[in-house]
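Remarks on the overall topology
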Amino acid sequence: MTPRVHRTSKSAQTRDAAHAEQIALALMGVGDLNADQLVDAATWDRSDAPCAVGRDVILAAVSAIRPPVSITIDQVITHGKAGTVSGRLTRDGSGTHLFCHIIRFTTTKRNNIAQLVSFEHLER
């Protein structure tokens, strides 16, 4: 089942912001992360799992993600070689969680991902 995705702002209207949002959604189990976007030695640090190192390891971890019931994207920011996407998501049986995905690219063209950092915790 595909989760409901709600956007609270118009910040993803630029091409760069939409690209960052697409990556973040893939990290939450919605859509695909293109293998060509990741450099060979990319890393994915997550608050709820060990660090994933390498393109194939990251892609395997992404494919194992169970999508939430709903996602609300509050903010998308891109600047230089980085992008962040943050908001709230709801998981079946565990309530609402806050999330933030930080995406670090190799260049300001934002074609290749070098590092991903993801935080998720229960909203109180």
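Here's what I pulled together on the structure shown here. (Residues numbered from 1 in each chain as written. Predicted model: local features only at pLDDT ≥ 70, side-chain atom pairs only at ≥ 80, totals over all residues. Heavy atoms only, no water.)

1. Comments concerning the overall build of the chain
Condition: Each helix is a run of H or I in the DSSP string that is no shorter than four residues. Each strand is a run of E no shorter than two, and both are numbered from the N terminus. For a compact globule the rule gives 2.2 Å times the number of residues to the power 0.38, and the radius of gyration it is set against comes from C-alpha atoms. Only protein chains enter the area calculation, which uses a 1.4 Å probe; residues under 20% of their type maximum are buried, those over 50% are exposed, and those in between are partly exposed. By the convention used here, residues are in contact when the closest approach between their heavy atoms is within 4.5 Å. All accessibility values rest on the Shrake-Rupley procedure with a 1.4 Å probe; residue burial counts only the protein chains present in the view.
In terms of helices and strands, the chain carries two helices and seven strands. Starting at the N terminus and walking to the C terminus, you meet the elements of the chain as β-α-β-β-α-β-β-β-β. Relative to its length of 124 residues, the chain is compact, with a C-alpha radius of gyration of 14 Å against a globular reference of 14 Å. Viewed in the frame of its principal axes, the chain has a C-alpha envelope of about 35 × 30 × 25 Å. A total of 124 residues make up the chain; the buried ones form 36% of that total. Long-range pairs, those at least 24 residues apart, make up 49% of the contacts in the chain with a sequence separation of at least 6. Put simply, the chain shows about 6,800 Å² of open surface, and 52% of that area lies on carbon and sulfur atoms.

2. A few points about the pattern of salt bridges
Condition: Here a salt bridge means any side-chain nitrogen of Lys or Arg lying within 4 Å of a carboxyl oxygen belonging to Asp or Glu.
Using the criterion set out here, one finds seven salt bridges in the structure. The residue Asp 16 makes a salt bridge to Arg 110 at a minimum N-O spacing of 2.5 Å. Highlighted residues: Asp 16 in helix 1 (residues 15–27) and Arg 110 in the loop between strand 6 (95–105) and strand 7 (113–122), separated in sequence by 94 residues. For Arg 110, a relative accessible area of 9% corresponds to the buried category. In this structure, Asp 74 and Arg 88 form a salt bridge, with 3.1 Å as the shortest nitrogen-oxygen distance. A residue pair is termed long-range when its members are at least 10 positions apart, and Asp 74 in strand 4 (residues 70–79) and Arg 88 in strand 5 (residues 82–91) qualify at 14 residues. By relative accessible area, which is 27% here, Asp 74 ends up partly exposed. In this structure Arg 88 comes out as partly exposed when scored by relative accessible area, which is 34%. A single network of salt bridges, built from pairs that share partners, joins Arg 15, Asp 16 and Arg 110.

3. Considering the layout of surface pockets
Our working definition: Definitions used throughout: a 1 Å grid over protein atoms alone; a cavity as a set of points that fits a 1.4 Å probe which cannot get out; a pocket as an open set with protein on both sides within 12 Å along at least five of seven lines; a lining residue as one with an atom within 4 Å of a point. Grid points are joined across faces, edges and corners, and a volume is the space filled by probe spheres set on the points. Nonpolar residues are Ala, Val, Leu, Ile, Met, Phe, Trp, Tyr, Cys and Pro. Charged residues are Asp, Glu, Lys and Arg, and all others, Gly as well, are polar.
Estimates place the volume of the largest pocket at around 170 Å³. Residue lining of the largest pocket: 14 residues in total, with Leu 27, Arg 46, Asp 48, Arg 91 and Glu 120 positioned closest to the centre. Take the lining of the largest pocket: its biggest share by element is three residues, from strand 7. Looking at the lining of the largest pocket, its residues break down into seven nonpolar, three polar and four charged.

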